[in-house]
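Chains, contacts and geometry: an overview
Here is what each chain is made of, one letter per residue.
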Amino acid sequence: MCGLTGFINPKSTTNNDAELRQRVHAMTTTIAHRGPDGHSYWVDAQNGVALGHRRLAIIDLSEHGRQPMLSHSGQYVLSYNGEIYNFQELRDQLLAKGAGPFHGHSDTEVILEAFAVWGIEKALSKFVGMFALALWDRKNQSLVLARDRLGIKPLYWGHVDNGLFLFGSELKALRVHPNCSPRVNKQALALMMRHGYVPAPYSIYQDIQHLAPGHMLHFDLKQQTAKISCYWNALQVAQDGINSRDNFSLSDAEATDQLEHLLKQAVKCRMISDVPLGAFLSGGIDSSAVVALMQTQSSQPTKTFSIGFAEAGYNEAHHAKEVARHLKTDHTELYVTPDQALDVIPKLAQMYDEPFADASQIPTHLVSQLARQHVTVSLSGDGGDELFAGYNRYLLANNIWSKVNALPSFARKSIAGTIGLLTPHTWNRIGCMLPFTPDLFGDKLHKFKPLLTKPSEESLYLQLISQWHTNEDIVRHTGQIPSALESVDMPTLMDRMQYWDLMTYLPSDILPKVDRASMAVSLEARVPLLDHRVVEFAWSLPQHMKIRGGKSKWLLRQVLDRYVPSSLIDRPKMGFGVPIDTWLKGPLRDWAEDLLDENHLIQEGIFNPALIREKWQQHLKGSQNWQYPLWVVLMFQAWRREWQQDVQPSWQTNFSSQSS
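All of these numbers come straight from a predicted model, not from anything done at the bench. (Residues numbered from 1 in each chain as written. Predicted model: local features only at pLDDT ≥ 70, side-chain atom pairs only at ≥ 80, totals over all residues. Heavy atoms only, no water.)

**Some thoughts on the overall build of the protein**
Scanning the protein for helices and strands turns up 28 helices and 20 strands. Relative to the compact-globule value of 26 Å for 660 residues, the protein shows a C-alpha radius of gyration of 25 Å, a close match. Considering only C-alpha atoms, the protein reaches an extent of 75 × 60 × 50 Å along its principal axes. Going through the 660 residues of the protein one by one, you find that 60% of them count as buried. Contacts spanning at least 24 positions in sequence make up 74% of the contacts within the protein whose residues lie at least 6 apart. A total accessible area of about 25500 Å² is found for the protein, and carbon and sulfur atoms account for 50% of it. Computing the positive centroid from 63 side-chain charges and the negative centroid from 67, the protein places the two 2 Å apart. (Helix = DSSP H or I, 4+ residues; strand = E, 2+ residues; numbered from the N terminus. Rg over C-alpha atoms; globule rule 2.2 N^0.38 Å. Buried < 20%, exposed > 50% of the residue type's maximum accessible area, 1.4 Å probe, protein only. Contact = heavy atoms within 4.5 Å. Areas by Shrake-Rupley, 256 points an atom, 1.4 Å probe, with all protein chains shown as cover. Lys, Arg positive; Asp, Glu negative; His and termini not counted. Charge placed at Lys NZ, Arg CZ, Asp CG, Glu CD.)

What follows is the structure in structure tokens.
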């Protein structure tokens, strides 16, 4: 795992080797945490090209793995972040075609020769892995940026004033270039308020984009144009899988065998490492499946890591310990004190240099910090919810939506009115006296209420995933807010929800959360469930293979049952969270009050102060739990204060890009 950055600035009057190296050195220094084992640059002063790289040595620890790396022909220069897990197989194929000789055993050298032999798009289609890369073609004077199929690794780019083209693993690397003065885009901010993150291809900045998963960008230096194309089409994969369901002939046992084979294959290739390796273990289905398949393919006990909290509603460590004991892993756990968790919060704006408000970023960083004391690579179970229908909203879509939609309008309005008669706090108290009611019963009822009066599939999804809603006008003067949801033709609401999550929530929330939290401590996180072959198989599964008997992830559970007793796994789904709601009323109150100060909000002119203050007062009184929408505002305010960013007053773009 590494960090990359660079720029092309052909119109600069100060282009020389020393100047280019100085600037790209400043850019790579900002992402030193992504690669503490080395740094290097490649520059072409004549064309104003500079590529920089920070190295976290995982495969081939020698100088033969050093980047930026030149191809044997000298035509290509590569700066690359990630891992190609099938590089040994590709190396053999390339040798058979007369490529080489190979001087080391790194995957970087294989990537370069693959591009030279097969061409860029065909080579990308052969890669099994996670990556973000920048490839400079010296012969044709063009740059290619590419990002892996699912968006596991980040890659930002911008074409700004005077022809300057910038790119990098994190926004902080772009910001440090002296000719880059980005300003916050209010509509991107509005999307962040809705989702809790900025969905790709947007970034928080005007004129800087986040390259979408499965896409590549071709920048022509002579023409000064950036053309984006898709080399792996997630929509096509999803639709092909759905269309094949009519011919799905595997029995339950055969489907379990097939998924187990694919997962074993995905886990095995991600265990290749020249440095110590382990896994995160929460004790849930996804991480337990990954660890079980690691352990069955390892001659030594797998090193596993989990953290726990004193608050019972947020603690899964005891479940993880039981799974670890059953699988006989080398398990390390840490019970985190509130002070340890709170100490992370001031670091978040620097760590997530784009505003980001998934509060599970805190425990994710803490477990990464714990793992890094023992290993350099850790496997993670992310992706299982999106692929195998693990989120509660899928159960809602599968079981409740059709019933709600069938109710006549007057009945829906009557139920909504009844819910509105009592506050969420009162409903919560009633829920405590009733059997089989979920936690925060009243908050969930009030979140469900708008669905009764606006019964559309997109509004249902947005209601379930949004922190602030479109009718609340939290960001002032935004105009029409673009939608991050692609309109898709799929047979069921659950299919559409899974696709929207695959294209928005997964690559813009879940994966950046893990990437930034792990990279902040120079730990490589690998996600075997997001092997594209597993993704393609998951889309071909009939829905009864995902949800059956009121349980989600049915087929993945069948695989796990072969290794871990279901009694250790079967329990209500628990998010990987922290008690932000109570912290905001206690140890975080002064911090939050400062960021939400009404006078500051009025002077800044970004948000609707009355709306924020109303929710803040209700939260402090305990009449309603507004932890999530308040956390989004707080994370933006903390980020803005850290980076001292101005806010762009209107939606403008200066991209000279074309999409094809």
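**Quick look at the pattern of salt bridges**
In the structure shown here, the tally under the stated rule is 28 salt bridges. One salt bridge connects lysine 553 with aspartate 385, and the closest N-O pair in it is separated by 2.8 Å. Note that lysine 553 is positioned in the loop between α22 (532-540) and α23 (554-561) and aspartate 385 in helix α14 (residues 384-388), a separation of 168 residues in sequence. The buried category is assigned to lysine 553, whose relative accessible area is 5%. You can call aspartate 385 buried: its relative accessible area is 10%. Salt bridges linked by common partners bring Arg34, Lys153, Glu170, Lys172, Arg175, Asp353, Asp515 and Arg516 together as one network. (Salt bridge = Lys/Arg side-chain N within 4 Å of Asp/Glu carboxyl O.)

**Here we look at the sheet that holds strand β18 (residues 524-526)**
Reading across the sheet, the five strands line up as β16-β15-β14-β17-β18 and stay open at both edges, with parallel pairing between neighbours. This sheet does not close on itself; its edge strands, each paired only once, are β16 (330-336) and β18. When the angles between neighbouring strand axes are averaged without regard to direction, this sheet yields 30°. (Pairing = 2+ DSSP bridges. Axes fitted to C-alpha atoms, helices over the stretch in contact; angles between N-to-C directions.)

**Comments concerning the confidence of the model for the protein**
For the protein, the average pLDDT comes to 89, and 94% of its residues sit at 70 or higher. Below pLDDT 50 for its whole length, residues 648-660 participates in 38 contacts with residues either more than four positions away or in separate chains. (pLDDT = per-residue confidence, 0-100.)

**With respect to the pairing of strand β14 (residues 277-280)**
Of the pairings in the sheet, the one linking β14 to strand β17 (residues 377-379) comprises three bridges and is parallel in character. Bridging across to β17, leucine 277 finds its partner in valine 377. Strand direction decides the pairing type here: β14 and strand β15 (residues 303-309), joined by three bridges, are parallel. By the bridge assignment, glycine 278 is partnered in β15 with lysine 303. With helix α9 (residues 285-295) bridging β14 and its parallel neighbour β15, the resulting β-α-β unit is right-handed. (Right-handed = clockwise from strand over helix to strand, strands pointing away.)

**Considerations on the packing of aromatic side chains**
Applying the stated criterion across every chain, the model contains 13 aromatic pairs. Summarising the aromatic geometry, the rings of tryptophan 591 and tryptophan 631 are spaced 5.9 Å apart at their centres and angled 50° between planes, so their arrangement reads as tilted. On the criterion of sequence distance, the pair formed by tryptophan 591 in helix α25 (residues 589-595) and tryptophan 631 in helix α28 (residues 627-643) is long-range, its members being 40 residues apart. Taken together, the aromatic side chains of Tyr197, Tyr391, Tyr394 and Tyr505 make up a single cluster linked through ring pairs. For the cation-ring pair, arginine 175 lies above tryptophan 643, with the distance from its terminal atom to the ring centre recorded as 3.7 Å. Above the plane of the ring of tryptophan 539 lies lysine 546, whose end atom (NZ or CZ) is 5.3 Å from the centre. (Phe/Tyr/Trp six-rings, centres within 6.5 Å; stacked < 30°, edge-to-face > 60°. Lys NZ or Arg CZ within 6 Å of the ring centre and 35° of its normal.)

**Thoughts on the packing of helix α13 (residues 361-372) against helix α21 (residues 493-519)**
Two elements in contact, α13 and α21, have axes separated by 8 Å at closest approach and are oriented at 40°. Considering their axes alone, α13 and α21 lie oblique with respect to each other. Judged by the twist between their axes, the crossing of α13 over α21 is right-handed. Facing Gln361, Thr364, His365 and Ser368 of α13, the residues of α21 in contact are Lys513, Val514, Ala517 and Ser518. (Parallel < 35°, antiparallel > 145°, perpendicular 65-115°, else oblique. Left-handed = near helix turned anticlockwise from the far one by under 90°.)

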